[in-house]
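Structural overview for review
The lines below spell out each chain.
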Amino acid sequence: MAENENKIYVTEEGLKKLQDEYENLVHVVREEVKAELKEARSLGDLSENADYDAARDKQAQVEARIADLEGMLKNYEIINTKGGSRQVRIGSTVKLQFQDTKEEATYTIVGSTEADPLNGKLSNETPLAKAIMDKKAGQSAEVNVKKPYTVMIVSIS
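Since we're looking at a predicted model, the values are computed, not measured.

**Observations regarding the pattern of salt bridges**
- Under the definition given, this model contains eight salt bridges.
- Salt-bridge contacts for Glu-13 lead to Lys-17; the nearest nitrogen and oxygen are separated by 3.6 Å. Remark: Lys-17 and Glu-13 occur in helix α1 (residues 12-41); sequence separation between them is four residues, near one turn of the helix.
- You can call Glu-13 partly exposed: its relative accessible area is 46%.

Here it is, written out as structure tokens:
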């Protein structure tokens, strides 16, 4: 297994969001769930106690998310979004022209945890990002999807 195969790529802002979510889950939500479990237990028979079952389900979800976040926070790499590279990299903002429609779109290539395509943040794991990775402005790339298409990289910043 490659060293960075499970690495997550985040911006400084994305890392802060992950850290804040982790702190909230560990120090606030986990305590709330413990209190809900205690309250539900005090109601008696656990075999037919819907509140207890709901609290246990919530506890399992919270603990699973905490474990996910712990894994991410142990294996991340900060991506530079300041630009300056001549090639498309994670952190690059690229202006693309779709060759079939001649429409242009601008995307910032980010790690999958920060992807938000509607706001111009494209995961490095998408077919489009993979196709343009390491290419330079002026180069074209074919995106290998069910109906392949070609984009030209107009600019990189």
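**A few points about the UniProt feature "coiled-coil region" (unreviewed entry) in the protein chain**
- Summarizing the sequence annotation, UniProt attributes the feature "coiled-coil region" (unreviewed entry) to residues 15-79 in the numbering used throughout.
- In the segment residues 15-79, helix accounts for 80% and strand for 5%; the C-alpha atoms at its two ends are 10 Å apart.

**Examining the pairing of strand β6 (residues 140-143)**
- What you see with β6 is a clean split: Ala-141 and Val-143 sit on the buried side and Ser-140 and Glu-142 on the side with no burial.
- Across four bridges, the pairing between β6 and strand β7 (residues 149-156) is antiparallel. Looking across to β7, one finds that Glu-142 is bridged to Thr-150.
- The antiparallel hairpin formed by β6 and β7 contains five residues in its connecting segment.

**Comments concerning α1**
- Relative to the 44 Å expected for 30 residues at 1.5 Å per residue, α1 spans 42 Å between its end C-alpha atoms, a close match to the ideal helical length.
- Along α1, the sharpest kink reaches roughly 40 degrees, centred on Leu-25.
- Buried within α1 we find Gly-14, Leu-15, Leu-18, Tyr-22, Leu-25, Val-26, Val-29, Val-33, Leu-37 and Ala-40.

**A few points about the domain arrangement of the protein chain**
- Its domain assignment divides the protein chain into domain 1 (8-78) and domain 2 (87-156).
- Between domain 1 and domain 2 the total buried area reaches about 480 Å² when both faces are included, carbon and sulfur atoms providing 60% of it.
- Our count for the contact surface shared by domain 1 and domain 2 stands at zero salt bridges.
- Counting across the domain 1 and domain 2 interface gives three residue pairs in polar contact (both at pLDDT 80 or more).
- Listed by contribution, the elements that provide at least two residues to the side of domain 1 that touches domain 2 are β1 (8-10) and α1.
- It is β1 that contributes the most residues to the side of domain 1 that touches domain 2, three residues altogether.
- Tallied by class, the residues present in the side of domain 1 that touches domain 2 amount to four nonpolar, two polar and one charged.

Criteria and thresholds
For every chain, the first residue of its written sequence is number 1, and the numbers climb from 1 along that sequence. Only residues with pLDDT of at least 70 get local features here, since the model is predicted, and only at 80 or more are side-chain atom pairs given and counted; chain-wide, interface and lining totals rely on the full set of residues. Water and hydrogen atoms play no part in the side-chain values, which are based on all heavy atoms of the structure. Only one rule defines a salt bridge in this text: a Lys or Arg side-chain nitrogen within 4 Å of an Asp or Glu carboxyl oxygen. Note on conventions: DSSP H or I runs of at least 4 residues are helices, E runs of at least 2 residues are strands, and numbering of each starts at the N terminus. Buried, partly exposed and exposed residues are distinguished by accessible area as a fraction of the type maximum, computed with a 1.4 Å probe on protein chains only: under 20%, between the cut-offs, and over 50%, respectively. UniProt positions are given in the numbering used here, feature names are shortened, and annotations may be inferred rather than shown by experiment. For two strands to pair, DSSP has to find at least two bridges joining them. A helix is expected to span 1.5 Å multiplied by its residue count minus one. Think of it this way: the bend at a residue is just the angle between two axes, each fitted to seven residues, one set ending at that residue and the other starting at it. Residue ranges for the domains trace back to a domain assignment, done automatically or taken from a database. Buried area: the sum, over both parts, of the accessible surface (1.4 Å probe) that disappears when the two are put together. Here a polar contact is recorded for every N or O atom pair within 3.5 Å, except that within protein the pair must consist of a potential hydrogen donor and a potential acceptor, and residues adjacent in sequence are included only if both atoms are side-chain atoms. The nonpolar class holds Ala, Val, Leu, Ile, Met, Phe, Trp, Tyr, Cys and Pro. Asp, Glu, Lys and Arg form the charged class, and all remaining residues, Gly among them, are polar.

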